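Residue strings, one per chain:
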Amino acid sequence: MNLPEVVGHLRKIAGHDAVLDRPEDLMLYEYDAGIRKSTPGAVVFPQTTEQVSQIMRLASSVPIPVVARGAATGLSGGAISQPGGIVIATSRMNHILEVDVENQRAVVQPGVVNLQLSEHVSHLGLYFAPDPSSQKACTIGGNVAENSGGPHTLMYGVTVNHVTGVEVVLPSGEIVHFGGKAAESYGYDMTGFFVGSEGTVGIATAITVKLLRKPEKVATLLGIFESVDDAAQTVSAITAAGITPAALEMLDGWTLRTIEAYCHAGYPLDAGAVLLIELDGLREAVEEQAEAVRVVCLEEKAREVRRAKTEEERALLWKGRKTAFGALGRVSPSYYTQDGVVPRSKIPAVLRHIGNVSKKYDLIIGNIFHAGDGNLHPLILFDIRFPDQLERALAASTEILEWCIAAGGSITGEHGVGMEKRDLMCVLFTEQDLDVMTSLRNAFNGDDVLNPKKLFPTPRMCREITGPAQNPVLVQEGM
Amino acid sequence: MSTASTATRFASELRAICGAEYLVEDPELRPRDILGVVPAFAVTPGSPDEVVAVLRFANEHGLVVVPAGGFTQQHSGDLPPQVDVLLYTTRLTEVEHYDSGDLTIGIGAGCTVAQLSSKVAAHNLFFAADPALPERCTVGGLLATGLYGPHRHGYGGLRDYCIGVRFVTGDARKAKGGGRVVKNVAGYDMMKLLIGSWGTLGVITSASFKLFPAPRQTRTFVSEFASAAEAIGFRNRVVHSPLDPVCLELVSPEARGLTPGLGPGSSWSICLRAAGSDTVLARYRSELGTTVAREIEGENEHVLWQALSDFSHIVYERHPRSLLISMTLPLGDVQALLDELAMVAQSHNLTLATVGRVGVGHLLAAMWPAAQAEVANYVDTVSTLRNRLPRDASMAVLHCPAEARQGIKTWASIPSHLESMRLVKNVLDAKDILNRGRFLF
């Protein structure tokens, strides 16, 4: 079956106006929020689970590669199609199917926007906890595929900790259910396995999520430090003091000045680094912890500790944090961000390493990250019009991630592996580890119709990468 | 195993893998039977590589392997048709990583929960799992059976704080999932598959966990109610209040008699455990108001919560002929299920004692007869209850009298797609050598 025939079938399944196949339309579906591109052959907008099932059955029979796509805010290439493949866009599957207050659950279609769910249940005193920086745009289906995080995962965990059930369309087109509204069930935890499988096992068509009660009290503090080192030490000291903040974010001086110029969040322009610390819960507990955090910060050489006095001040501090990536667009034609994780005690050391990498490759690297759980987002600035700069940016990024792995960490805390880090999986996992995982993928997705060439390297790539990887991303994508 | 000479050959091969002192042969294994089935051998490998060698050997010769730790849950599961090798993980106790500043630890599967807890307590840290018999229960067994105790309410389940796992698949591949950092989404989440898999996918050799800062003080507020409905009404108020207790446990009147630290009584109790400063505890007191019958702290509090963790084992000891049924369900159905349990127990002439993490939807119900009961009565009790479970609930009959096991399926009402689970099983243990016949398939 050729592509026009496939498009014809897709139109029969989803409706004539629910398929795009003109080059100028497809261009909009080439990329995500990262730096990779690939043009699909068609984009289809199903509205029902049954339509997704029919599309999968069609794709498997051709066969033609398929990828599900929400808002494409991902950074790892997870939602990018194979050239000429089918994109299943979930934007018309955007209904909140059920809000079950008694059971503290909601059932949503995959295209529901993350923040929209929290807004929808806000009047009930409830919210959905995972809060990626892109939460105004990103979809819950995408969150499930990538197991997304956000600042508040420090206390509340990533997406998998908030999903209790999924309706899934398997590559065969079969519609199956994993889990339900109960917090846990007997049998293998297929829901937990599915979340974070990066669209390689099936497509989620309905998702049962936990809704949490909004905390009684929230305190947001800004600790201002002369140096990144002092701020990093403070992160460890807060943990050692037995305090688990809801969020604990760090921004280095360069990054916060860039943000401040963009959105006037009230960050000090002359600081070496700031910590954005949020505590939530019972009023009395929050007040005690806020005071304890203030004391720890001052003991660890904070110049000043400010506390947001109003909801507006708090929102402004967070606006700065969450629009950081937008702010960078003003100062650099391109940037590349990473998502490495280190054990918390290694935060000061990894920041020094990033400083060295920045000098070595002669690139500005800003640091903005989830310090509380050791999840880094070094922002590497470059100009994509100069190939040598892209090459240096990717080399710098690889060097940082390899340091994270050597320190006992991981290559991704919340963005997923996708296309960009799949070769580094060989450094993180043994060939046999990967063999076990890929054999599971093959059991569900044996013909690799669903999101091929993502998440896992080919065994050949693993064998070729001996010692430090030589920009495998570049090699693989011919850049 | 057909002949004595084959057995001798297998024994010598297993001895070669693990060392002579780590192989035990029948009949010394009689007290270590699996639901009456006596294993031919017990081996205690000293490393993950030895586990690989044992499982490879088992695959080659079609031997059925039962992974074992502290033997606190081996009475559960369906009757195994055959058990050849009992594989103990108790020599795998090495600490892989531990830096108190990271609030994480990686430890061998054979380490007991009590050992792990006391190790981290030295740094004012806290391992949140609180299973029955922590002195015997091993980390590997804890994960494999997906156990949880009262702390499940405030700290989440194993799926929330197990961050990495190393294991050997049934087909003898040594593999891992996750790692040692608290946030990590690289690769498939193998922890989720292994937690609660009852040793049917792989032998867990070590695992990494998030730790928590140890609470500086806790206090338990015991509230008493004339009926289950009133107790659940109270639960609803707590769940919808700003309070954030670490435990919220329902104890039925009959269960009180099995709970040292609470003592006999005719009322339903809810034990709410709070952590925090005097000011925080004072807030709990004022929010909970006059429903609180008494407050417990210090050693008495410790005794109470250990008893609630140990509930199932206290039942087995006092009432060896009991049914012990564990149920997970949505919060809103707890009340209805408590009513069903009462009706089912009454119509089958069984005494019912129930405890449960009613804030997360987990109930443990023990039922026992006044005197001898017919096998048919147990079987009918279980099937009646199974038919009355609410949507999205699942259950496991963790204990029943030996003669009833044949007629009672352990697992019921599993909400996830069975064929997908079977695919997973086939990928990791194609020859079905691990715990054959005891789990879902």
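Residues numbered from 1 in each chain as written. Chains lettered and ligands numbered in written order. Predicted model: local features only at pLDDT ≥ 70, side-chain atom pairs only at ≥ 80, totals over all residues. Heavy atoms only, no water.

### Quick notes on the overall build of chain B
Of regular secondary structure, chain B possesses 16 helices and 20 strands. For 441 residues, the compact-globule formula gives about 22 Å, and the C-alpha radius of gyration of chain B, at 22 Å, lands near that figure. Taking the principal axes of the C-alpha coordinates as reference, chain B spans close to 70 × 55 × 40 Å. Within chain B, the proportion of its 441 residues that are buried is 63%. Put simply, of all contacts in chain B between residues at least 6 apart along the chain, 71% involve residues at least 24 apart. Total accessible area computed for chain B in this model is approximately 15,300 Å², and 49% of it derives from carbon and sulfur atoms. Measuring between centres, the 40 positive side-chain charges of chain B sit 4 Å from its 43 negative side-chain charges. (Helix = DSSP H or I, 4+ residues; strand = E, 2+ residues; numbered from the N terminus. Rg over C-alpha atoms; globule rule 2.2 N^0.38 Å. Buried < 20%, exposed > 50% of the residue type's maximum accessible area, 1.4 Å probe, protein only. Contact = heavy atoms within 4.5 Å. Areas by Shrake-Rupley, 256 points an atom, 1.4 Å probe, with all protein chains shown as cover. Lys, Arg positive; Asp, Glu negative; His and termini not counted. Charge placed at Lys NZ, Arg CZ, Asp CG, Glu CD.)

### Topic: the overall build of chain A
The secondary structure content of chain A amounts to 18 helices and 18 strands. Relative to the compact-globule value of 23 Å for 479 residues, chain A shows a C-alpha radius of gyration of 22 Å, a close match. Referenced to the eigenvectors of the C-alpha coordinate spread, the extents of chain A come out at roughly 70 × 55 × 40 Å. With 479 residues in all, chain A has 63% of them scored as buried. Considering only residue pairs separated by 6 or more positions, chain A has 72% of its internal contacts joining residues 24 or more positions apart. As displayed, chain A has an accessible area near 16,700 Å², and 53% of this comes from carbon and sulfur atoms. For chain A, the centre of its 42 positive side-chain charges and the centre of its 57 negative side-chain charges are spaced 3 Å apart.

### Details of the sheet that holds strand β6 (residues 104-108) of chain B
Residue and element names in this part refer to chain B. Taken together, the 5 strands give an open sheet; going across it, the order is β5-β6-β10-β8-β9, and neighbouring strands pair in antiparallel fashion. Because the sheet does not close on itself, it has two edges, and the strands there are β5 (95-99) and β9 (174-178). Neighbour-to-neighbour, the strand axes of the sheet open up by a mean angle of 15°, direction not taken into account. As defined by bridge partners, strand β8 (residues 162-169) adjoins strand β10 (residues 202-210) across 7 bridges and the pair is classed as antiparallel. Across the sheet, residue R166 finds its bridge partner in β10, namely S206. (Pairing = 2+ DSSP bridges. Axes fitted to C-alpha atoms, helices over the stretch in contact; angles between N-to-C directions.)

### A word on the interface of chain A and chain B
With 82 residues of chain A in contact, the opposing surface of chain B contributes 75 residues. In this assembly, chain A packs against chain B so that about 6,400 Å² is buried in total across both faces, 57% of it on carbon and sulfur atoms. Three residues stand out in chain A for area buried against chain B, namely E184, Y186 and Y188 of chain A, and they jointly supply 16% of the buried area on that side. The tally of links between chain A and chain B comes to 7 salt bridges. (Buried area = accessible area lost by both parts, 1.4 Å probe. Salt bridge = Lys/Arg side-chain N within 4 Å of Asp/Glu carboxyl O.)

### A word on unusual backbone geometry
Here the residue pair V62 of chain A and P63 of chain A is connected by a cis peptide bond, since its omega of -15° sits within 30 degrees of zero. Non-glycine residue E198 of chain A carries a positive phi angle of around 55°. Relative to the helices and strands, E198 of chain A resides in the loop between α7 (190-194) and β10 (203-210). In this model, D392 of chain B sits at a positive phi of 70°, which is unusual for a non-glycine residue. Inspection of the secondary structure puts D392 of chain B in the loop between α14 (375-388) and β19 (394-399).

### Overview of helix α14 (residues 387-406) of chain A
Here α14 of chain A is 20 residues long and its end C-alpha atoms lie 29 Å apart, about the 28 Å a rise of 1.5 Å per residue gives. One or two steps after α14 of chain A, the chain reaches G408 of chain A, where phi turns positive at roughly 95°. (Expected span 1.5 Å × (residues − 1).)

### A few points about the pattern of salt bridges
With the rule as written, the count across this model stands at 51 salt bridges over all chains. As a salt-bridge pair, R173 of chain B and D435 of chain A come within 2.8 Å of each other at their nearest N and O atoms. With R173 of chain B in the loop between β8 and β9 and D435 of chain A in helix α16 (residues 431-444), this residue pair bridges two chains. Here D435 of chain A falls in the partly exposed class, since its relative accessible area comes to 33%. Among the charged side chains, a salt-bridge network with shared partners connects E216, R283 and E284 of chain A together with R283 and E287 of chain B.

### Here we look at the pairing of strand β14 (residues 268-275) of chain B
All names here are of chain B. Of all 8 residues that make up β14, 7 are buried, and the element is covered over most of its length. Inspection of the sheet shows strand β12 (residues 218-225) paired to β14 by 8 bridges, in the antiparallel sense. Its bridge partner lying in β14, F225 is registered against W268. Pairing geometry for strand β13 (residues 247-251) and β14, over 5 bridges, is antiparallel. Pairing of E249 across the sheet is with C271, part of β14.

### Considering the sheet that holds β12 of chain B
Two modes of strand pairing occur in sheets, parallel and antiparallel, and in both the strands are linked by backbone hydrogen bonds. Strand order in this open sheet of 9 strands is β15-β12-β14-β13-β17-β18-β16-β19-β20 (chain B), and the pairing throughout is antiparallel. Two strands bound the open sheet, and with one partner strand each, they are β15 (292-296) and β20 (411-412) of chain B.

### Thoughts on the packing of helix α10 (residues 283-299) of chain A against helix α10 (residues 278-288) of chain B
Between α10 of chain A and α10 of chain B, the least distance of the axes is 8 Å, while the angle of their chain directions is 170°. Of the possible angle classes, the one that applies to α10 of chain A and α10 of chain B is roughly antiparallel. Note on element contacts: α10 of chain B touches α10 of chain A through T279, V280 and R283 of chain B, opposite R283, E284, A285 and E288 of chain A. Class assignment for the residues of the contact of α10 of chain A with α10 of chain B results in 2 nonpolar, 1 polar and 4 charged. (Parallel < 35°, antiparallel > 145°, perpendicular 65-115°, else oblique. Nonpolar A, V, L, I, M, F, W, Y, C, P; charged D, E, K, R; others polar.)

### As for the environment of D131 of chain A
All names here are of chain A. By the secondary structure assignment, D131 is in the loop between β7 (126-127) and α5 (140-146). D131 gets classed as buried once you look at its relative accessible area, which sits at 6%. Considered as a pair, D131 and G150 are 19 residues apart in the sequence and their alpha carbons are 4.7 Å apart. Apart from residues lying up to four places away in sequence, D131 is in contact with G149, G150, P151, H152 and K322. There is a polar contact of 2.6 Å between the side chain of D131 and the side chain of H152. (Polar contact = N/O pair within 3.5 Å; in protein donor to acceptor, adjacent residues only side chain to side chain.)

### Here we look at the confidence of the model for chain A
Mean pLDDT over chain A: 92, with 96% of residues reaching 70 or higher. Contacts for the low-pLDDT stretch residues 466-479 of chain A, under 50 throughout, to residues beyond four places or in other chains number 23 contacts. (pLDDT = per-residue confidence, 0-100.)

### Remarks on the confidence of the model for chain B
On average, residues of chain B score 95 in pLDDT, and 99% of them reach the 70 mark or higher. Across the assembled chains, the prediction reports ipTM 0.97 with pTM 0.96.

### Points about the nonpolar core
L117 of chain A together with F127, M190, F209 and F311 of chain B are the most contacted members of the largest nonpolar core, which has 116 residues in total. Residue contributions to this core peak at 5 residues, all from α16 of chain A. Among all residues touching F127 of chain B, those that are not within four sequence positions of it are V113, L116, S117, V120, L142, Y161, F209 and L211 of chain B. With 49 residues, the next largest nonpolar core counts V239, L272, L389 and A404 of chain B among its residues. (Core = buried A, V, L, I, M, F, W, Y, C linked by side-chain atoms within 4.5 Å.)

### Here's the deal with helix α9 (residues 253-263) of chain A
Residue and element names in this part refer to chain A. Residues G253, T255, L256, T258, I259, E260 and C263 constitute the buried set of α9. Residues of α9 that are buried sit in contact with β13 (247-252), β14 (273-281), α11 (311-322), α12 (324-328), β17 (365-369) and β18 (378-382). H264 occupies a position one or two residues after α9 and carries a positive phi of about 50°.

### Thoughts on the pairing of strand β12 (residues 217-225) of chain A
Residue and element names in this part refer to chain A. Counting buried positions along β12 gives 7 out of 9 residues, so the element sits mostly inside the fold. As paired elements, β12 and β14 share 9 bridges and run antiparallel to each other. Within β14, the position partnered with L221 by the bridge is I277. Relative to strand β15 (residues 302-307), β12 runs antiparallel, the two being bridged by 5 bridges. Across the sheet, residue F225 finds its bridge partner in β15, namely A302.

### Regarding the side chain of H370 of chain A
Considering the arrangement of structural elements, one finds H370 of chain A in the loop between β17 and β18. Judged by relative accessible area, H370 of chain A falls into the buried class, the value being 1%. In terms of polar contacts, H370 of chain A uses its side chain to reach the side chain of E414 of chain A, at 2.8 Å. Sequence-distant contacts of H370 of chain A, that is, excluding residues within four places in its chain, are made with G150, P151, L248, E249, R321, N375, H377 and E414 of chain A together with K183 of chain B.

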